[in-house]
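A look at the structure
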Amino acid sequence: MIGVFLGSLLGTMALGMPIAFALLFSGVALMFYLDIFDSQIIAQNLINGADNFPLMAIPFFLLAGELMNAGGLSQRIVSMAMAFVGHIRGGLGYVAIIASVLFASLSGSAVADTAALGAILIPMMVKSGYDVNRSSGLIAAGGIIAPIIPPSIGFIIFGVTSGVSITKLFMAGIVPGLLLAVGLTITWAIVARRDKVQVQPRKSVKEMLQAVKQGFWALLLPVIIIGGLRGGIFTPTEAAVVAAVYALVVGLCIYREIKIKDLYEVLIRAARMTSVVMFLVAAALVSSWLITVANLPAEVIGLLEPFMDNPLLILLMINLLIILIGTAMDMTPTILIMTPVLMPVIQQAGIDPVYFGVLFILNNAIGLLTPPVGTVLNVVCGVSKISMEDIMKGVWPFLLVEVIVLILLILFPSLVLVPLEWFT
């Protein structure tokens, strides 16, 4: 059964079939193997896959991200970070890291955040004398903080698929996301010494205060989202609606950089991204249902039975597997395919599901930086107009430190579980 499922899935992907259709095909292949083929089951599971209230958060957070970029919130975040650290040697790199964290707390999409930040900062960094490969690598590495710091689309998909509390996942991701930022800061401080760069002029206190004033409304949004979730004022889905409406009001009425005529294009871009994600989710539910019917999780548990008494070893094996899968598959399909298989293993081994969710999403986020798929790498290559080979030269120190953070979280679960208790 495992051979039929993986063979049909990987075979169709190797032929160039879109992943959503490959998932449907692998589900159909498994149905024929089990002799239970029924087109009504496929249609019903497709509809049920998208008919889920928590998944409503995805289109609204994607819309919020588009509204923030169009409404000037993104630019003001960069300007504010520039006012405080732009004058330090390597300052634009520190601006990129700070902006990555702030962007991550606004939209939760690695691709959208990386594209927006790269378009703003990479030309500035190249003009100031920074190595284009290293600068692009830093932007890419900073972009994957977005799936870790709330609001995270990856956590939403994992929470819906696994039944784990999305709010707890959000809260558990805060410290790991900040650890990634600290790791990138230390690494940048080491590697940026090689560049002979133009240092930005130091801003006066008045200019710093002016930058904070202009960026105030952008900074208020993550406070509203996290505060509302922490206080139980709204659910993650409602938080997404709040974020979208807030970004629309700020862009239209306060910064006034969005015109009514611009909304059509903004909505179209958000709808296109939403349709891709939601069709993947719907197609994956067909495979998930069949994985359950075929009792594949029990087969996997049987294979891992000798290691069940050692949760650390189980985690290391699973994370090594996810790293390998991440080189060939994007984040969303990996979550949708692997979660139904791995969650019974995690529960059997007595591992906290929220803790595992953080490790799982972080590992998948790292996969966005590994070729040949490397979605974030491809986005940055397009923005900076460099080859995949060149960006790999620049990204590897940052990729290495993010893997080190993942290993630290595996070895020291308290880095996730203790902060989770603080925030909840």
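Focus on the overall build of the protein
Regarding its fold elements, the protein presents 21 helices and zero strands. Here the C-alpha radius of gyration of the protein, 22 Å, is about what a compact globule of 424 residues would show, namely 22 Å. Long-range pairs, those at least 24 residues apart, make up 78% of the contacts in the protein between residues at least 6 apart in sequence. Of the accessible surface of the protein, which amounts to about 17,700 Å², a share of 67% is contributed by carbon and sulfur atoms. Between the mean site of the 20 positive side-chain charges and the mean site of the 21 negative ones, the protein shows a separation of 21 Å.

Some points on helix 11 (residues 174-191)
An ideal rise of 1.5 Å per residue puts 26 Å on 18 residues; helix 11 measures up with 26 Å between its terminal C-alpha atoms. Along helix 11, the residues that are buried comprise Ile-174, Val-175, Pro-176, Gly-177, Leu-180, Ala-181, Gly-183, Leu-184, Thr-187, Trp-188 and Val-191.

Here we look at the side chain of Glu-402
On the secondary structure map, Glu-402 appears in helix 20 (residues 388-411). Salt bridges are absent for the buried Glu-402, whose nearest opposite-charge side chain, Arg-134, sits at 15 Å. Excluding residues that lie within four positions of it along the chain, Glu-402 makes contacts with Ala-141, Ile-144, Leu-180, Leu-184, Ile-366 and Leu-369.

As for the pattern of salt bridges
Two side chains carrying opposite charge are able to pair once their charged atoms lie near each other. Taken as a whole, this structure holds three salt bridges when the rule is applied. The partner of Arg-269 in a salt bridge is Glu-66, and the shortest N-O contact between them spans 2.8 Å. Within this pair, whereas Arg-269 is found in helix 14 (residues 263-293), its partner Glu-66 is found in helix 4 (residues 57-71), the two being separated by 203 residues in sequence. Between Asp-390 and Lys-393 there is a salt bridge; the shortest N-O distance is 3.9 Å.

Concerning unusual backbone geometry
The omega torsion of the bond from Pro-150 to Pro-151 falls at 5 degrees, within 30 degrees of zero and hence cis. Along the chain, Pro-151 turns up in the loop between helix 8 (132-143) and helix 9 (153-162). Of note, Arg-256 is a non-glycine position whose phi angle comes to about 55 degrees, a positive value. On the secondary structure map, Arg-256 appears in the loop between helix 13 (236-254) and helix 14. By relative accessible area, which is 59% here, Arg-256 ends up exposed. Phi is positive for Lys-385, which is not a glycine, with a value near 60 degrees. The residue Lys-385 is located in the loop between helix 19 (375-384) and helix 20 in this model. Judged by relative accessible area, which is 72%, Lys-385 ranks as exposed.

Cut-off values and rules
Residues numbered from 1 in each chain as written. Predicted model: local features only at pLDDT ≥ 70, side-chain atom pairs only at ≥ 80, totals over all residues. Heavy atoms only, no water. Helix = DSSP H or I, 4+ residues; strand = E, 2+ residues; numbered from the N terminus. Rg over C-alpha atoms; globule rule 2.2 N^0.38 Å. Contact = heavy atoms within 4.5 Å. Areas by Shrake-Rupley, 256 points an atom, 1.4 Å probe, with all protein chains shown as cover. Lys, Arg positive; Asp, Glu negative; His and termini not counted. Charge placed at Lys NZ, Arg CZ, Asp CG, Glu CD. Expected span 1.5 Å × (residues − 1). Buried < 20%, exposed > 50% of the residue type's maximum accessible area, 1.4 Å probe, protein only. Salt bridge = Lys/Arg side-chain N within 4 Å of Asp/Glu carboxyl O.

Distances and angles like these do not, on their own, reveal function.
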